[in-house]
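In case you want the letters, here they are:
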Amino acid sequence: PDPIALRIEGSGDIAAIEPLIRDFQSFNPHIAITYVDTLTNELYARLTNACAAGEAVADLVFSSSVDHMVKLANDGCASPYSS
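To start, this report covers the structure provided alongside it.

A word on the overall build of the protein chain
Here is step 1: The helix and strand inventory of the protein chain stands at three helices and three strands.
Here is step 2: When the helices and strands of the protein chain are listed from N to C terminus, the series reads β-α-β-α-β-α.
Here is step 3: Seen through its principal axes, the protein chain has C-alpha atoms that stretch 35 × 30 × 20 Å.
Here is step 4: Split into buried and exposed, the 83 residues of the protein chain put 24% on the buried side.
Here is step 5: When the accessible surface of the protein chain is split by element, carbon and sulfur atoms take 56% of a total near 5900 Å².
Here is step 6: Side chains of the protein chain give 4 positive and 11 negative charges; the mean places of these two sets differ by 3 Å.

The structure is reproduced here in structure tokens:
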């Protein structure tokens, strides 16, 4: 199959996230992953601006700032995913 690119933006330190990404890639070697570690307030600002402009920032976003994630979802800035 054609290679797939997955962009993840999050507030988790790469040292903590890397084992998860490596495990995922061991089961899905055709998926190339880019991970961007961002401070929570910067991430929230970028996501808010992108949402207002109708632009995508990443395929997957996670943050330890749960209130930011809930606000973005409530504001319609999240998309559902079905496995």
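Observations concerning the pairing of strand 2 (residues 31-37)
Here is step 1: Bridge count between strand 1 (residues 4-10) and strand 2: seven bridges; the pairing is parallel. By the bridge assignment, alanine 5 is partnered in strand 2 with alanine 32.
Here is step 2: Considered for its hand, the β-α-β crossover made up of strand 1, helix 1 (residues 14-27) and strand 2 is right-handed.

A few points about the packing of aromatic side chains
Here is step 1: Summed over all chains, the structure comprises one aromatic pair.
Here is step 2: On the basis of an interplanar angle of 15 degrees and a centroid distance of 6.0 Å, the ring pair of tyrosine 35 and phenylalanine 62 is categorised as stacked. Of this pair, tyrosine 35 sits in strand 2 while phenylalanine 62 sits in strand 3 (residues 60-62), placing them 27 residues apart in sequence.
Here is step 3: The class of tyrosine 35 is buried, set by a relative accessible area of 14%.

Looking at the packing of helix 2 (residues 40-53) against helix 3 (residues 66-74)
Here is step 1: Helix 3 packs onto helix 2 with a crossing angle of 5 degrees between their chain directions and a minimal axis gap of 10 Å. With respect to helix 3, the element helix 2 is oriented roughly parallel. In this structure, helix 2 contributes Thr40, Asn41, Tyr44, Leu47 and Thr48 to the contact, and helix 3 contributes His68, Met69, Lys71 and Leu72.
Here is step 2: Looking at the contact of helix 2 with helix 3, its residues break down into four nonpolar, four polar and one charged.

Thresholds applied
- Residues numbered from 1 in each chain as written.
- Predicted model: local features only at pLDDT ≥ 70, side-chain atom pairs only at ≥ 80, totals over all residues.
- Heavy atoms only, no water.
- Helix = DSSP H or I, 4+ residues; strand = E, 2+ residues; numbered from the N terminus.
- Buried < 20%, exposed > 50% of the residue type's maximum accessible area, 1.4 Å probe, protein only.
- Areas by Shrake-Rupley, 256 points an atom, 1.4 Å probe, with all protein chains shown as cover.
- Lys, Arg positive; Asp, Glu negative; His and termini not counted.
- Charge placed at Lys NZ, Arg CZ, Asp CG, Glu CD.
- Pairing = 2+ DSSP bridges.
- Right-handed = clockwise from strand over helix to strand, strands pointing away.
- Phe/Tyr/Trp six-rings, centres within 6.5 Å; stacked < 30°, edge-to-face > 60°.
- Axes fitted to C-alpha atoms, helices over the stretch in contact; angles between N-to-C directions.
- Parallel < 35°, antiparallel > 145°, perpendicular 65-115°, else oblique.
- Contact = heavy atoms within 4.5 Å.
- Nonpolar A, V, L, I, M, F, W, Y, C, P; charged D, E, K, R; others polar.

Such coordinate-based values are descriptive only and should not be taken to indicate function.
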